[in-house]
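Architecture at a glance
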Amino acid sequence: MLGVVSSPIINFSHITYAEDYVAKSQINVANGVAGLNKNGEITANVNNDRINNNSINSNFIQLNKKNDRLRFITNSPDTNNNEIDMFYNADGDNKDDFGNPLEGNTFYFTNNKYGNNYRFNGTVKASSFNSGHFELPRHGDRLRFITNSPDTNNNMIDMFYNLDGNNKDDFGNPLEGNTFYFTNNKYGNNYRFNGTVKAGGIEINGHVLNKPIPGGIEPVDPYNDDRNNANLIFLSQPGYDWGNIKPNTLMVGGRSRNSVVGIKATCQNTGQGDQGGSCYQFTNMSGPQAYHRSGSGVTDGINMDMRTMDNSPMDSIGGNTLVKNSDGSYIVKGNEYSVISNVPAGATKFVIKGTFGCGLGESRSRCELRGINFVNNAGKISNSVKVTPGFYNPSNNTTEVNINDGYALKDILTPDKKLEIIYYASDGTAYAIDFSEDDNGSQYAAIYPSLSEKERNLTHARMAVWTNIANGMASVENGTNEDSGNTDMPGYYYGYADGFGDTVLNQANIDAIQADKTKTDEEKDLAIRQNKVTKIFMRSFSYPGLAGDLVKWKNNKHPLNDDPNIKSPGLNAYDQLDYKLSYACLTKNQLNDNEELQKRLHIGNRPNCFDKVNIPAVVRPEQINNINYIYNSNYHRYQKPALFLGMVQKNFNLYTQQSFNKSPDSITREFDNEWDFPMNQDHDGQASVRGLTMVFSGGGHPLAQGSYMLRMAGFNHMPLGLKIDGIWPYGGKSLETDAGFFLYKWTMLGASPYLQNINDVMSISGLGQIKTNQASYQLMTFMSNDGNVDNKRNNSLHLGLTKQNSTDPLQNLAWNQSPTCNENKECAVLGQIFFDPLGYIGGIGLGSGYGDKAKLGLVVDKDANVFINKNLSVTGQSNNNSINTNFLQLNHKNNILRFVTNSPDTNNNMIDMFYNRDGDNRDDFGNLLESNTFYFTNNRYGNNYRFNGTVKANSMESDQFTARGSISSRRFIGLLSTPSSSSASCTTGEFTDDANYHYVCVSTNKWKRVALSDF
């Protein structure tokens, strides 16, 4: 049927039997039947308004001969466009009147020279359409493609131009002005263009690409040069960058069969700090644009920039109240709240009892407050506004509410007024969550109403799904278990999505909704979903097919172990919403006061902390009353159960792996990772290199124990391990290995809390440990407070042995970092080297213990004097190996063995024993010493020397000699002298001789004599 004919004459000159076809066509017009002239032309004028559906009663106009055509005369002054032909060309070797080749089996509607503008006022339907130009003249006209998709949101695709920015599509979405749309209006499609797509500019997410992109795809495959199997993609300047001289190129795949290029990208950064500061940037971050900026500084340039953050989940759903009716229907409503005190009209924020969550904090998800009236600056009144949560105080369970979008309270708000806050997920649906399991024990989360298509598209198989329900704490911030992370982490329930299933609750309602012609498709979709429920079944392992993989939830208290008796979240003893959790960590005094609890909480790496619902049975009632509980700081704000799609507990920014799997025919036996820094300086200090810098910044608080800067874990495979940890405010570990070796660095930021009291200790280093069948030993250096000297605290440095007696093979000191074993007195502090020992500042000593339990044996003071504070036992062997005896040997010439007398007589406060070899030596007082003589003297004047046993000598010389017992000698040599008189001064028992007499002092100052004679 012809819709528009613009010529007064239809030329049938090529039709031999035109009369027959006019008769057959039954062309009727108001003025009669058209006739034919001798040239075979219809003589009647046929006007546009006279040929229409009501005036032309014809099934067809038939042109029987091959290559017949219907020609329209245009009367155009353009000789190339004065006629338009419609015809079918069967043969591929035909040409048109202008000599252009015609395609075979093709219907032409053309002037054969160049394209025209063709206008169709009605609907044009065709199985396929090929046109150089197609015009829809009216504003809002569109080209629609019927997809026959079972998805009602995707059963048609429209192409149209929207001029007015106030228009909306069929689904109520606002349309941008002056924009051409190629869309189904509901969500994006995959569009495939088999030919070349050319455009002056392309806009993606607000960014305009208005320059040509050089590059292409090369069909390079080792086995098949098929373009469909191309494996080289290049985006570069013309040609290839084999010379590595073009600054911005990307090549993926091999250039040829002999090429070794996998992925090659070349770039030169420009040091712009943001846009040009990094050549290649890979981000796993959501949020503001500032998060995604380059990490370079003002004058820095980065080659590869990778960054990640604690991303929000893909979406948060639930958090609302679910009301189930007896007939199986349900209602999802918001949660009820009330203010804690009167709030005046005009307020834009107030405080409520309880808390609430609002999802991702973006425009997609939102919270609405209902139940009262609000007014904006324009005077518009609304009974529902968007709100966001402010500060939450866990101690009294109150939350600040912020009113958005320029609204404020219209009237005063009192505590007796009930408020409703409802949370909408990113798809605009308010969901509620219920946990249950089927008859087979398979656990699932039931979502009311059923999930929208948009939410389903966010998920994939085995995606992690977390809840806001926890069973106590999995770990706490000040724990001591190095592998747990020791973050403030509740024992959350989580699992891996194993598919969705919708359960219809009321099919009759659904049928009625589908038949309702008053609702939009969007309204129907929501109404149908409100008569269904979606069940997400949970798996306990992310990888399918593993042993023990159950259709159950897990709890991150035991991420590697599944409890077959675990119930769905909320149904186990002590399950509760995470914002209600609190925990306590006992103080040192509380632990010391309870030996049983001390054992329970300090075995291995267990922390001394527990949550409020899991108090150990050994905690005594009087201790419970004195425990200060801390509220868990890692919580969501939802007052009802919620699901979080696609969250991670640990985030790796970079993960690499090398593995040795004994692959067939492989000879690889060495694995290495290396950073090379070729620094070709021509003079000292020309360049600086910093091999590895790790910067940890934030709010000024230390990270959780178990955090470290660098760790290398050998796990019993690596002969040498190393771990470098952080420095705490007053110091901390700077280096540690899994072999009992560690180093501390202590800084002073204000007054140190350590070494304030006698017996306090501070570890400096661990120098290794060893385990025997009976005990474990560790060599350590540490500081201890030993007491006071001259009213000043004396801290000594120790190098010594720590011992733990245990036959348990699992008990060892590999992770011990205290000479007393975590202050539990489980270890003995054995032999020590003391630096700066008490009373000997600047000296060094040998002893045992620490603090007021230190026992010093041998000490060398700062002047190199040696002091022996306890018994001295000497064991050794004579140099000639002929006498096996104990001895003390002084090897150097003129060595002295000195005894300190502590005599008040300064001339007698020391006694020396020494051998003088040279005759010209003098003692400390200037007295000349005889050569080859052993001295036992105080060098000033004689002492009284007492020998309790027998003194044997080849000869003995003394100015005075006193013996209480007998004296035995082969001969006695005395100096001859004669008393001046019988009353000369003498001591009883004293005797002397001269040439004639032997004199004896029989009493004080009374001498008697006997005569000597020859024999």
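Here is a short report on the structure shown in this document. From a predicted model like this one, the values you see are computed outputs, not experimental measurements. (Residues numbered from 1 in each chain as written. Predicted model: local features only at pLDDT ≥ 70, side-chain atom pairs only at ≥ 80, totals over all residues. Heavy atoms only, no water.)

1. Regarding the overall build of the protein
What the protein contains, in helices and strands, is 7 helices and 52 strands. When contacts within the protein are restricted to residue pairs at least 6 apart in sequence, long-range pairs at least 24 apart make up 47% of them. Total accessible area on the protein is roughly 65,500 Å²; 49% of this is exposed by carbon and sulfur atoms. (Helix = DSSP H or I, 4+ residues; strand = E, 2+ residues; numbered from the N terminus. Contact = heavy atoms within 4.5 Å. Areas by Shrake-Rupley, 256 points an atom, 1.4 Å probe, with all protein chains shown as cover.)

2. Quick word on the side chain of E368
Looking at the element boundaries, E368 is found in strand 20 (residues 366-376). Accessibility expressed as a relative area gives 16% for E368, which makes it buried. Reaching out from E368, the side chain makes a polar contact with the side chain of S384 at a distance of 2.9 Å. Contact partners of E368, with chain neighbours within four places excluded, come to S384, V385, V387, E420, I421, I422 and Y424. (Buried < 20%, exposed > 50% of the residue type's maximum accessible area, 1.4 Å probe, protein only. Polar contact = N/O pair within 3.5 Å; in protein donor to acceptor, adjacent residues only side chain to side chain.)

3. Things to note about the sheet that holds strand 48 (residues 910-916)
Pairing within the open sheet is antiparallel, and its 3 strands lie in the order 47-48-49. Where the open sheet ends on each side, the last strands, each with one partner, are strand 47 (896-900) and strand 49 (933-937). Strand-to-strand twist across the sheet, computed as the mean angle between neighbouring axes with direction ignored, equals 5°. As defined by bridge partners, strand 47 adjoins strand 48 across 5 bridges and the pair is classed as antiparallel. Pairing of F899 across the sheet is with I911, part of strand 48. (Pairing = 2+ DSSP bridges. Axes fitted to C-alpha atoms, helices over the stretch in contact; angles between N-to-C directions.)

4. A word on the sheet that holds strand 51 (residues 997-1003)
Spatially, the 3 strands line up as an open sheet ordered 50-51-52, and their pairing is antiparallel. At either margin of the open sheet sits one strand with a lone partner, and together these are strand 50 (991-993) and strand 52 (1006-1011). For this sheet, the mean angle separating the axes of adjacent strands, direction not counted, is 25°. Where strand 51 meets strand 52, 6 bridges bridge the pair, whose relative direction is antiparallel. Within strand 52, the position partnered with V1000 by the bridge is K1008.

5. Here we look at the state of the cysteines
Taken as a whole and assessed by the stated rule, the structure comprises 2 disulfides. Across the disulfide from C358 sits C367; the S-S distance is 2.2 Å. Where C358 bonds to C367 through sulfur, the torsion about that S-S bond is close to -120°, and the disulfide is left-handed. Each of the two residues, C358 as well as C367, counts as buried. (Disulfide = S-S within 2.5 Å.)

6. Section: the environment of F961
Tracing the chain through its elements places F961 in the loop between strand 49 and strand 50. A sequence separation of 29 residues divides F961 from E990, and the C-alpha atoms of the two residues are 9.7 Å apart.

7. What to know about the pairing of strand 5 (residues 156-162)
Bridge analysis of strand 4 (residues 142-146) against strand 5 gives 5 bridges, and the strand direction is antiparallel. Counterpart to F145 in the pairing with strand 5 is I157. Sheet topology places strand 5 next to strand 6 (residues 179-183); 5 bridges connect them, and they run antiparallel. Its bridge partner being in strand 6, Y161 is matched across the sheet by F180.

8. Examining a nonpolar patch on the surface
Residues W675, F677, M679, V689, L692, M694, F696, L703 and M709 make up a contiguous nonpolar surface patch of about 900 Å² in total accessible area. Considering the arrangement of structural elements, one finds V689 in the loop between strand 35 (642-645) and strand 36 (710-712). For V689, a relative accessible area of 42% puts it in the partly exposed group. (Patch = residues over 30% accessible without salt bridge, like charges linked within 9 Å, V, L, I, M, F, W, Y side chains within 5 Å. Salt bridge = Lys/Arg side-chain N within 4 Å of Asp/Glu carboxyl O.)

9. Section: the packing of aromatic side chains
This structure, assessed with the given rule, holds 17 aromatic pairs. Seen in terms of ring centroids, W466 and Y492 are 6.3 Å apart; in terms of plane orientation they differ by 85°. Their pairing is edge-to-face. Of this pair, W466 sits in strand 27 (residues 464-475) while Y492 is found in strand 28 (residues 489-504), placing the two residues 26 residues apart along the sequence. Taking 5.8 Å as the distance between ring centres and 75° as the angle between the ring planes, the aromatic pair formed by F652 and Y655 counts as edge-to-face. The same class applies to F652 as to Y655, namely exposed. Here the aromatic residues W466, Y492, Y494 and Y496 are joined through ring pairs into a cluster of three or more. (Phe/Tyr/Trp six-rings, centres within 6.5 Å; stacked < 30°, edge-to-face > 60°.)

10. Here we look at the nonpolar core
Grouped together as the largest cluster of nonpolar side chains are 60 residues, with contacts concentrated most on F350, I352, F356, V387, L409 and L643. Contact partners of F356, with chain neighbours within four places excluded, come to Y337, C367, V387, T388, P389, T399, V401, I421 and R637. Formed by 10 residues, the second largest nonpolar core is a distinct cluster that contains V332, I422, A446 and V533. (Core = buried A, V, L, I, M, F, W, Y, C linked by side-chain atoms within 4.5 Å.)

11. Overview of the pairing of strand 48
The sheet contact formed by strand 48 and strand 49 spans 5 bridges and is antiparallel. When the sheet's bridge partners are listed, N916 is paired in strand 49 with T933.

12. Things to note about the packing of helix 3 (residues 507-515) against helix 4 (residues 521-529)
Two numbers describe how helix 3 lies on helix 4: the axes approach to 9 Å, and their chain directions differ by 175°. As judged from the angle between their axes, helix 3 and helix 4 are roughly antiparallel. Of helix 4, the residues touching helix 3 (which contributes I510, I513 and Q514) are K524, A527 and I528. Across the contact of helix 3 with helix 4, the residue classes break down as 4 nonpolar, 1 polar and 1 charged. (Parallel < 35°, antiparallel > 145°, perpendicular 65-115°, else oblique. Nonpolar A, V, L, I, M, F, W, Y, C, P; charged D, E, K, R; others polar.)

13. Focus: the environment of G297
Looking at where G297 falls in the secondary structure, it is placed in the loop between strand 13 (278-284) and strand 14 (302-308). The spacing of G297 and G277 is 20 residues in sequence and 7.8 Å in space, taken between C-alpha atoms.

14. Comments concerning the pattern of salt bridges
Applying the stated rule across the entire model yields 16 salt bridges. With its nearest N and O atoms 2.5 Å apart, the salt bridge here joins R71 to D85. Within this pair, whereas R71 is found in strand 1 (residues 69-73), its partner D85 is found in strand 2 (residues 83-89), the two being separated by 14 residues in sequence. On the basis of relative accessibility, which here comes to 18%, the residue R71 falls in the buried class. With a relative accessible area of 2%, D85 lands in the buried category. Of the charged contacts in the structure, one is a salt bridge between D411 and K410, with a shortest N-O distance of 3.7 Å. Taking the relative accessible area as the measure of exposure, K410 reaches 36% and is therefore partly exposed. Here the residues in one salt-bridge network are R462, D498, R539 and D549, joined through shared partners.

15. Topic: helix 4
For helix 4, every residue scored as buried is listed here: K524, A527, I528 and R529. Contact partners of the buried residues in helix 4: strand 17 (330-333), helix 3 and strand 29 (532-539).

16. Points about unusual backbone geometry
At the junction of Y448 and P449, the peptide bond is cis and its omega measures out at -15° in the coordinates. Residue placement: P449 occurs in the loop between strand 26 (443-448) and helix 2 (453-458). Within the chain, N397 stands out as a residue other than glycine whose phi angle is a positive 55°. By the secondary structure assignment, N397 is in the loop between strand 21 (381-393) and strand 22 (398-403). Residue classification places N397 among the partly exposed positions, given a relative accessible area of 22%. With a phi angle near 60°, D836 is a residue other than glycine that sits in the positive phi range. Residue placement: D836 occurs in the loop between strand 43 (828-835) and strand 44 (844-848). Taking relative accessible area as the criterion, D836 reaches 29% and is therefore assigned partly exposed.

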